[in-house]
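Report on the structure
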Amino acid sequence: MGDFNLALVIVAIVMCVLVLIFNVYLLINYQHPDDVNQAYFPKVVVVFGLSIAAISILMLPADVANRQACHNAIYNGACTLTLPMKDLWLAIYIVDAILVFFFIPFAMFYYEGDQDKSVGNRIKSALLWVVMTAIVCALLLGILYGLVGKVDFTVRHLSSTAANFPSSWTGLSSAQPCLGASNHQCSAYAASASSETTWTMRATFPEYVVALATIVGSVLFSIFGGVGIACLPLGLIFSFIRRPKAVITRSQYIKEATELGKKAKELKKAADALHQEERSGSKGRKWRKNVKAVEKELLLLEEDVNALEEMYPQGEKAEASWAFTVLGYLAKLVLGVVGLIVSVAWVAHIIIYLLIDPPLSPFLNEVFIKLDHVWGLLGTAAFAFFCFYLLLAVIAGAMMLGLRLVFITIHPMKWGGTLMNSFLFNVGLILLCSISVIQFCATAFAYYAQATAAQEIFGHTLQSLRGIKYLYKYNVFQIAFVVLAGLTFVYYAIFGWRKRKPTGRFQLSS
């Protein structure tokens, strides 16, 4: 047993190192050339934040494996040698909350500060905003924790009378489980409903911080995740349907390139005007609205340029480039079909296991358990895959809604062209939603993840917190998730196959 626990610790350390190396690789290849050899503090925050997000997702499968370490214990006290998962959960999510609400905003304020100011003034300005945020958050947390930071558990008082010790046990059976010929149920089992009462205790402050962070993340998760669980696979499939079928002629390329050049000039003129307004100090609501409009049009223009380059590859390796383009779209089709199966399985599992009371079937829980019987880590690996897929769906939904509705700042991730503020924004979103992804998975796979530390925090304490418990009692987030997923499926079925039409001549708000 001790050897198993040692192996689990070694695997955990190795995975943390691999996650860190991968995130450094991701940063190096995605960063914008303007950020090379500078902006070191935002880069440290990005790498650390991505590592925390990935580790938090991997901790749930690790929690299940940690539970199995003492599942078949042959001596008392074996479970004391396992990883302290509850303490690790609380630590990882306290760090998560600190990163999301303090370090990432500070790094963004510092990075986006006026470049004409000195480093000291930029630090002071960023600290001022962060300190104000910290004061507001501390007051809000303290007031809420003092007023409603309690856990209400419904308990039933059970009691029964005593009976003489029998001389024989032959009279006991499944039809007669209790002593006494007149009893068909034990007296304690048949307690009246009036014996129910509420047992109240105060939650620990770390658990309450995790709970409130989970609520904020759950709102974003139900919106972005519900949209993303549909748009992630369908976006890949319809991208294959809308793919360029053949290489265009040179005259068509020149015509399209000329139109894109005109639009690029308009965007440059608009960006110069906005830059002049920024220097003059007139950064009002209309200015921010125009900046978002320019960002959206620039992103659409880049998509048009990339599409044009696909339809008319140039250079000595044009034929090879076109072949890779065709293979890329075939890969999107395959990944889209696989993703669609996973998405349908997720939605079906939520309806069957979470929304119907009592559940019709454990569904995916049984699948993971059977996979574990085939090979010890196969079910855990499948479990981790479903959790990661849900996080990818959240990211896909955020990008889709940000582009369509523009109610959040667009920060697209581009290979070799991502600025640090875009990195920080996406890392903050991933961190905030990762808490809710874990809570959602702990609830959706409660049968498979039973008796784990995550189940104790997210399955019992969180769902019994005063004021918050009703959101989980009536499955508010799960219902919103399924409804938005259904609406997105309908949207793609009606409009997904259509190619995006040109937006016309670009104009700023007067």
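Everything quoted here is computed from the prediction, not taken from an experiment. (Residues numbered from 1 in each chain as written. Predicted model: local features only at pLDDT ≥ 70, side-chain atom pairs only at ≥ 80, totals over all residues. Heavy atoms only, no water.)

This part takes up the overall build of the chain. Regarding its fold elements, the chain presents 14 helices and two strands. Per-residue burial over the chain gives 40% buried out of 510 residues. (Helix = DSSP H or I, 4+ residues; strand = E, 2+ residues; numbered from the N terminus. Buried < 20%, exposed > 50% of the residue type's maximum accessible area, 1.4 Å probe, protein only.)

Bringing the side chain of S218 into the picture now. Here S218 lies in helix α5 (residues 205-241). Setting aside residues no more than four positions away along its own chain, S218 makes contact with S436, Q439, Y472 and F477. (Contact = heavy atoms within 4.5 Å.)

What follows deals with the confidence of the model for the chain. When the pLDDT values of the chain are averaged, the result is 78; 79% of them are 70 or greater. Put simply, helix α12 (residues 453-461) is where the chain has its lowest mean pLDDT, 67, and helix α8 (residues 318-355) is where it has its highest, 90. (pLDDT = per-residue confidence, 0-100.)

All right, on to a positive patch on the surface then. On the surface, a cluster of positive charge is made up of K283, R285, R288 and K289. With respect to the element layout, K289 can be found in helix α7 (residues 285-311). Of the residues examined, K289 reaches a relative accessible area of 55% and is grouped as exposed. (Patch = residues over 30% accessible without salt bridge, like charges linked within 9 Å, V, L, I, M, F, W, Y side chains within 5 Å. Areas by Shrake-Rupley, 256 points an atom, 1.4 Å probe, with all protein chains shown as cover. Salt bridge = Lys/Arg side-chain N within 4 Å of Asp/Glu carboxyl O. Lys, Arg positive; Asp, Glu negative; His and termini not counted. Charge placed at Lys NZ, Arg CZ, Asp CG, Glu CD.)

We now examine the packing of aromatic side chains. How two aromatic rings sit relative to each other is set out by the distance from centre to centre and by the angle between their planes. Tallied over the full model, the rule gives 20 aromatic pairs. Seen in terms of ring centroids, F385 and F386 are 5.9 Å apart; in terms of plane orientation they differ by 90°. Their pairing is edge-to-face. Residue class for F385 comes out partly exposed when judged on its relative accessible area of 42%. Taking the relative accessible area as the measure of exposure, F386 reaches 11% and is therefore buried. Aromatic ring contacts, followed pair by pair, group F221, W346, F368, F383, F385, F386, Y389, F440, F445, Y448 and F481 into a single cluster. (Phe/Tyr/Trp six-rings, centres within 6.5 Å; stacked < 30°, edge-to-face > 60°.)

For the bond running from D357 to P358, omega is -5°, close enough to zero to count as cis. Structurally, the position occupied by P358 is in the loop between α8 and α9 (364-374). Positive phi values are uncommon outside glycine, yet N475 reaches one of about 55°. Structurally, N475 is set in the loop between α13 (469-473) and α14 (476-495).

Applying the stated criterion across every chain, the model contains two salt bridges. Salt-bridge contacts for E297 lead to K263; the nearest nitrogen and oxygen are separated by 3.1 Å. Highlighted residues: E297 in helix α7 and K263 in helix α6 (residues 250-280), separated in sequence by 34 residues. For the pair E297 and K263, a shared accessibility class is recorded, and that class is buried. Here D272 and K268 are joined by a salt bridge, their closest N and O atoms 3.3 Å apart. Here K268 and D272 lie together in helix α6, a separation of four residues that amounts to about one turn. Residue class for K268 comes out exposed when judged on its relative accessible area of 55%.

Our next topic: the nonpolar core. Among the nonpolar cores identified, the biggest contains 83 residues, and W89, I229, W346, L390 and F445 are the most heavily contacted of them. Leaving out residues up to four positions away in the same chain, F445 has contacts with W346, H349, L364, N365, F368, F383 and F386. Residues V151, A211, I468 and F477 belong to the second largest nonpolar core, which totals eleven residues. (Core = buried A, V, L, I, M, F, W, Y, C linked by side-chain atoms within 4.5 Å.)

Together, V9, I10, V11, I13, V14, M15, V17, L18 and I21 give the surface a local cluster of nonpolar side chains, amounting to about 750 Å² of exposed area. Along the chain, V14 falls in helix α1 (residues 2-30).

This brings us to the environment of G328. With respect to the helices and strands, the residue G328 is situated in helix α8. A residue is classified by how much of its surface remains accessible, and G328, at 31% relative accessible area, is partly exposed. On a C-alpha basis, the gap between G328 and F240 in space is 9.1 Å, while along the polypeptide they are 88 residues apart.

On to α6. In this model α6 runs 45 Å from its N-terminal to its C-terminal C-alpha over 31 residues, within 8% of the 45 Å that 1.5 Å per residue would give. Residues of α6 that are buried include every one of Y253, L260, K263, L267, A270 and L274, and no others. In this structure, the buried side of α6 is in contact with α7. (Expected span 1.5 Å × (residues − 1).)

Contact geometry of α5 with α8 gives a least axis separation of 8 Å together with a crossing angle of 155°. Here α5 is positioned roughly antiparallel relative to α8, judged by the angle of their axes. In this structure, the crossing between α5 and α8 has a hand that is left-handed. Residues I229, P233, L234, L236, I237, S239 and F240 of α5 form the contact with α8, whose own contacting residues are Y329, L330, K332, L333, L335, G336, V337, G339, L340, S343, W346 and V347. Residue composition of the contact of α5 with α8, grouped by class: 14 nonpolar, four polar and one charged. (Axes fitted to C-alpha atoms, helices over the stretch in contact; angles between N-to-C directions. Parallel < 35°, antiparallel > 145°, perpendicular 65-115°, else oblique. Left-handed = near helix turned anticlockwise from the far one by under 90°. Nonpolar A, V, L, I, M, F, W, Y, C, P; charged D, E, K, R; others polar.)

Okay, the packing of α6 against α7 next. Close contact between α6 and α7 brings their axes to 10 Å; oriented N to C, the two are set at 155°. Comparing their axes, α7 and α6 come out roughly antiparallel. Once α6 is placed against α7, the crossing between them reads as left-handed. Counting all contacts with α6, which are made through Y253, E256, A257, L260, K263, A264, L267, A270, L274, E277 and E278, the residues of α7 involved are W287, N290, V291, V294, E297, L298, L301, D304, V305 and L308. Here the residues of the contact of α6 with α7 sort into 14 nonpolar, one polar and six charged.

If you trace the backbone, N23 turns up in helix α1. For N23, a relative accessible area of 5% gives the class buried.

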